[in-house]
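# Examining the three-dimensional arrangement
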Amino acid sequence: MASRGPSRPASWSRLDDVLVVTRCADLRGLPPPDAASPYRVEPLDMSDPADVTRWLTVLNAAFGRRWGPAEHRRALLCHPVVRIRHTVAAVAPDGTVAGVASVGVFRADEEVGLGHYLCVLPAAQGSGVGRLLLRHRYRLLADEGIRVAESQTHLSRRRSLLLHFEHGFVPKYRHDPWNSPDPSPRALRWTARARLWALHRAWVRGSATGGAPARPAARTDADTDR
Ligand SMILES: CC(C)(COP(=O)(O)OP(=O)(O)OC[C@H]1O[C@@H](n2cnc3c(N)ncnc32)[C@H](O)[C@@H]1OP(=O)(O)O)[C@@H](O)C(=O)NCCC(=O)NCCS
């Protein structure tokens, strides 16, 4: 796991450990993936060691981690909270896997979908790969009759949060028993949820005026590993 660095205030580190959840009430409203994208989306077979290596390469580069097959197994195959249904890759015209994303359902409520590990190679970020994969993965769920989906992340993952807002995900204030447990102190949990709402309000204002969303008092996602 990447070092958090000596100069970071402790309070920020702890706030970034708090789980935040967004929820889309109806996946059928999702726009289709960009048909003009130069990237093609393909399924990855997570029982195939070659595809596991492709997944690990993108994940490690995007998150600054050094995961191997054991971590892949824990995070994707036997995750205690989510049962993964699909893992897909965005493949560039030269055959490079530029991004990966998974989607599944909560083990404690299989009617509710969950996006899991959306990541794009740093060199390919900002060119629409994240949006392509996000739409693709939730549409796979919608095609299977899953109407509702959630995304669980941290405030520091601002870019992912904004992408989810753009696709109809809204902050969820009260977590359900199917969500990941969060042992953070209560005050931190409330603070994180208040900031999530503030980010969403700023995004709504920005999208209503056609401008960029106002930047909340949160760090960017560049300097953290989760
Ligand atoms: C979050 C992530 C998946 C987004 O993927 P991406 O391919 O960079 O995103 P896209 O190019 O589809 O862009 C989506 C939006 O993100 C924002 N964005 C993308 N690149 C950006 C950049 N370099 N600077 C600022 N904003 C940026 C923009 O709002 C963009 O919307 P726009 O196209 O209307 O400008 C990617 O940045 C990533 O892998 N980050 C590290 C891992 C991570 O945080 N994963 C999410 C965990 S929940």
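The sections below set out a description of the structure shown in this document.

### Some points on the overall build of the chain
A count of helices and strands for the chain gives 6 helices and 7 strands. Ordered by position from N to C terminus, the α and β elements of the chain give α-β-β-α-α-β-β-β-α-β-α-β-α. Counting all 226 residues of the chain, 49% fall into the buried class. Residue pairs in contact within the chain that sit at least 24 positions apart in sequence constitute 72% of those at least 6 positions apart. Here the chain displays about 11100 Å² of accessible surface, and carbon together with sulfur accounts for 54% of that area.

### Description of unusual backbone geometry
One non-glycine residue, Tyr 117, lies in positive phi territory at about 50 degrees. Looking at the element boundaries, Tyr 117 is found in strand S5 (residues 109-120).

### Focus on the site of the ligand
If you check the shell around the ligand, you find 17 residues, and the closest are Leu 118, Val 120, Gly 128, Gly 130 and Arg 131. Gln 125 is positioned such that a nitrogen or oxygen atom in its side chain is 3.4 Å from an oxygen atom of the ligand. A distance of 3.1 Å is found between an oxygen atom of the ligand and a backbone nitrogen or oxygen belonging to Ser 127. With the chains in place, 69% of the 920 Å² that the ligand exposes on its own is no longer accessible. Breaking the shell around the ligand down by element, the ones donating at least two residues are helix H2 (49-63), S5, helix H4 (129-143) and helix H5 (158-166). Taken together, the residues that form the shell around the ligand break down as 7 nonpolar, 7 polar and 3 charged.

### A closer look at the pattern of salt bridges
In the structure shown here, the tally under the stated rule is 10 salt bridges. The shortest N-O distance in the salt bridge between Arg 28 and Asp 26 comes to 2.9 Å. For Asp 26, a relative accessible area of 32% translates into the label partly exposed. Here Arg 54 makes a salt bridge to Asp 51, at a shortest N to O gap of 2.3 Å. Of this pair, Arg 54 and Asp 51 both sit in helix H2, 3 residues apart, roughly one helical turn. Through salt bridges that share partners, Arg 23, Glu 150, Lys 172 and Asp 176 make up one connected network.

Rules of the game
- All chains use their own residue numbering, which begins from 1 and follows the written sequence.
- Local features in this predicted model are restricted to residues whose pLDDT is 70 or higher, and side-chain atom pairs enter the listing and the counts only when it is 80 or higher, whereas totals over whole chains, interfaces and linings include all residues.
- In computing side-chain values, all of the structure's heavy atoms are included and hydrogens and water are not.
- Note on conventions: DSSP H or I runs of at least 4 residues are helices, E runs of at least 2 residues are strands, and numbering of each starts at the N terminus.
- Per-residue accessibility, obtained with a 1.4 Å probe over protein chains only, is compared with the maximum for each type, and a residue is labelled buried under 20%, exposed over 50%, and partly exposed between these values.
- Contacts between residues were defined by any pair of non-hydrogen atoms, one from each residue, lying within 4.5 Å.
- Computed with the Shrake-Rupley method and a 1.4 Å probe, the accessible areas treat only the protein chains shown as cover for residues.
- We call a residue near a molecule or strand when any one of its heavy atoms sits within 4 Å of it.
- By the criterion applied in these results, polar contacts are pairs of N or O atoms within 3.5 Å in which, for protein atoms, one can donate a hydrogen and the other can accept it, and in which residues neighboring in sequence qualify only through two side-chain atoms.
- When residues are sorted by character, Ala, Val, Leu, Ile, Met, Phe, Trp, Tyr, Cys and Pro go into the nonpolar class, Asp, Glu, Lys and Arg into the charged class, and all the rest, Gly among them, into the polar class.
- The salt bridge definition used is simple: a Lys or Arg side-chain nitrogen within 4 Å of an Asp or Glu carboxyl oxygen.

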